[in-house]
Amino acid sequence: MTRKYFGTDGIRGKVGVSPITPDFVMRLGYAAGKVLAKVDANTSNKPTVLIGKDTRVSGYMLEAALEAGFAAAGVDVMLSGPMPTPAVAYLTRALRLSAGVVISASHNPYEDNGIKFFSAQGTKLPDEVELAIEAQLELVMDCVSSDKLGKAHRLRDANGRYIEFCKSTFPNELDLRGLKIVVDCANGAAYDIAPHVFHELGAEVIPIGNHPNGFNINDKVGATAPDALALAVRANHADLGIALDGDADRLMMVDKNGKIYDGDQLLYLMVMDRLAIGPVPGVVGTLMTNMAVELALKELGVDFARAKVGDRYVLEQMRERGWLLGGEGSGHLLCLDKHTTGDGIVSALQVLSALRRNGKSLDQCFENLELFPQVLINIKVSPGFEWQKNALLNSEKSKVEAELGNKGRVLIRASGTEPLIRVMVEAFDPVVANTLARRLADCIAPKAA
């Protein structure tokens, strides 16, 4: 069955445009509540969900709508306020709740927003549960009797609970004393959490992007705009920098010279650190993972598998194979022995623990890893645009692949969260990669919105 509303990372769109409207979100809360009530029917506990959000101004409206929908379905609600997506996953599991909900559009601009769900185990909802919610959405919204309505209350010390959890993923025998770290919170959900984590572990922390106003989330700061972090690291003569995105599930890092390191490189470093301790049977990347990382891991005897783009697909393969490490170049990194989902703060702590153990600086860790040039072009299109039926594009793609031979590769895909077609070309020569990517993008642009 095809999903109507759920994408690869929940439901997302522009605020005020279907489906990100207060009436739909209220019905979504009701539908999810009805499904959760059925799941919890065999227990004596009343279903309870945790709702967290990022710092977008629209979060207030959508939070109220969700709360009303859950209450109408007879589900109690706990409200955490601004809270990273992985924090909601952790707290849902730690507090033995029925589900967790995050109001966030992650790395998107403030005009967008979205709804993500977590299961009681702190994982993304299974496909069958998302489909059950969509089926319930097609039915008329009702309301339980007054004596069965859900209630809402504020979760106290949510920040403190999550800060302690993050610190628990860092080795007890290590600390961050002597390190000066710039932490870019993207004016997002981790603005009042991430600086405390690194400070309490001993680092001197210089926070940036930590003054959200409802409109500046991801605006020229954070993991999707790491140049701001690079400038701040150099200006403050810091040892390194950490950039999160709006909901703090992505990570980019910067060395003392301002060089930016993406998720592919950081994943490689984490694997190298684990190999120094014991065997690593395999790692899951995506179709976008740089080929240099795959080759480097295989030289080390570590199996590598590619999943579809999207952390949910990386997670699926990791579980199927029983592997603990995986991630995307965009900065979604998964360490299943530390957390059930991608977590920017926890991932940064794994990198920092590696640096502490090997005694190297961030730049020194990548002296033997040179990424292949990748050029990625995003083309805005109309929703539902079927690029696969573009005969000109298919013909040009075949020509480009023939020109590259075994010295590169092509990937064309639709974004799972935005109306974009992403064209990626990887080649040994950056000029060649750019030229070929532009040729392919030009085949789509005339049909774009």
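Reading guide: rules and limits
- Residues numbered from 1 in each chain as written.
- Predicted model: local features only at pLDDT ≥ 70, side-chain atom pairs only at ≥ 80, totals over all residues.
- Heavy atoms only, no water.
- Salt bridge = Lys/Arg side-chain N within 4 Å of Asp/Glu carboxyl O.
- Helix = DSSP H or I, 4+ residues; strand = E, 2+ residues; numbered from the N terminus.
- Buried < 20%, exposed > 50% of the residue type's maximum accessible area, 1.4 Å probe, protein only.
- Expected span 1.5 Å × (residues − 1).
- Contact = heavy atoms within 4.5 Å.
- Core = buried A, V, L, I, M, F, W, Y, C linked by side-chain atoms within 4.5 Å.
- Pairing = 2+ DSSP bridges.
- Right-handed = clockwise from strand over helix to strand, strands pointing away.
- Arc of directions from axis to C-beta.
- Polar contact = N/O pair within 3.5 Å; in protein donor to acceptor, adjacent residues only side chain to side chain.
- Axes fitted to C-alpha atoms, helices over the stretch in contact; angles between N-to-C directions.

Asker: Could you give me a rundown of the pattern of salt bridges, with the residues and numbers involved?
Answerer: Tallied over the full model, the rule gives 30 salt bridges. Between Lys53 and Glu63 there is a salt bridge, and its shortest N-O distance comes to 3.4 Å. Here Lys53, found in strand S2 (residues 48-53), pairs with Glu63, found in helix H2 (residues 58-72); they are ten residues apart in sequence, far enough to count as distant. When sorted by exposure, Lys53 lands in the same class as Glu63, which is buried. A salt bridge links Glu426 to Arg409; the nearest nitrogen and oxygen atoms lie 2.8 Å apart. Note that Glu426 is positioned in strand S18 (residues 420-427) and Arg409 in strand S17 (residues 408-414), a separation of 17 residues in sequence. Like Glu426, the residue Arg409 is buried in the burial classification. Each of the salt bridges in this network shares a partner with another, and the network as a whole consists of Asp9, Arg12, Lys116, Lys124, Asp247, Asp249 and Asp311.

Asker: Can you break down H2 residue by residue, with the values?
Answerer: Turn by turn, an α-helix covers 3.6 residues, leaving residues three or four places apart pointing in a common direction. End to end, H2 covers 22 Å across 15 residues, agreeing with the expected 21 Å (1.5 Å per residue, within 8%). What H2 keeps buried is the set Ser58, Gly59, Leu62, Glu63, Ala65, Leu66, Gly69, Phe70, Ala71 and Ala72. Contacts from the buried residues of H2 go to helix H1 (22-39), S2, strand S3 (76-82), strand S4 (99-103) and strand S5 (112-118). Where H2 terminates, the next one or two residues include Gly74, which has phi positive at roughly 85 degrees.

Asker: How would you summarise the nonpolar core if you had to cite specific residues and measurements?
Answerer: Most often, soluble globular proteins keep nonpolar side chains buried together rather than apart. Phe198, Ile242, Ile345 and Leu352 are the most contacted members of the largest nonpolar core, which has 66 residues in total. Sorting elements by how many residues they give to this core places helix H11 (residues 344-358) first, with eight residues. Once residues within four sequence positions are removed from consideration, Leu352 is found in contact with Phe170, Leu176, Leu179, Ile181, Phe198, Leu240, Ile242 and Met253. Of all hydrophobic cores here, the second largest spans 31 residues; its members include Ala65, Leu66, Ala73 and Val75.

Asker: Residues and numbers for the pairing of strand S13 (residues 303-307), please.
Answerer: Looking along a regular strand, one sees the side chains alternate between the two faces of the sheet. Bridge analysis of strand S12 (residues 282-286) against S13 gives five bridges, and the strand direction is parallel. Residue pairing for S13: Val284 is matched across the bridge by Ala305. Note that the unit made of S12, helix H9 (residues 291-299) and S13 has a crossover that is right-handed.

Asker: Which residues make up helix H12 (residues 391-404), and what values do they have?
Answerer: End to end, H12 covers 20 Å across 14 residues, agreeing with the expected 20 Å (1.5 Å per residue, within 8%). Turning to H12, its buried residues number three or more, namely Leu393, Glu396, Val400 and Leu404. The arc that holds the buried residues of H12, viewed along the axis, is 75 degrees, so those residues lie on one side. Every exposed residue of H12 that faces more than 90 degrees away from the buried side is listed here: Ala391 and Ala402. Elements in contact with the buried residues of H12: S17, S18 and helix H13 (430-444). Its side-chain oxygen 3.1 Å from the backbone nitrogen of Leu392, Asn390 forms the N-cap of H12. Downstream of H12 by one or two residues, Gly405 has phi in the positive range, about 60 degrees.

Asker: Account for the sheet that holds strand S8 (residues 204-208), with residues named and values stated.
Answerer: Read across the open sheet, the five strands follow the order S8-S7-S9-S10-S11; overall the sheet is mixed. Looking at the sheet topology across the chains shown, the edges are occupied by S8 and strand S11 (260-261). Summarising the sheet, strand S7 (residues 180-184) and S8 pair through five bridges and their orientation is parallel. Each residue of the ladder has a partner; that of Lys180, found in S8, is Glu204. Most of the contacts of helix H8 (residues 263-275) go to strand S10 (residues 251-255), to which it runs at about 80 degrees, and overall it touches S10 and S11. Docked against the sheet, H11 engages S7, strand S9 (240-244) and S10, running at close to 160 degrees with respect to S9.

These figures capture arrangement, not role.
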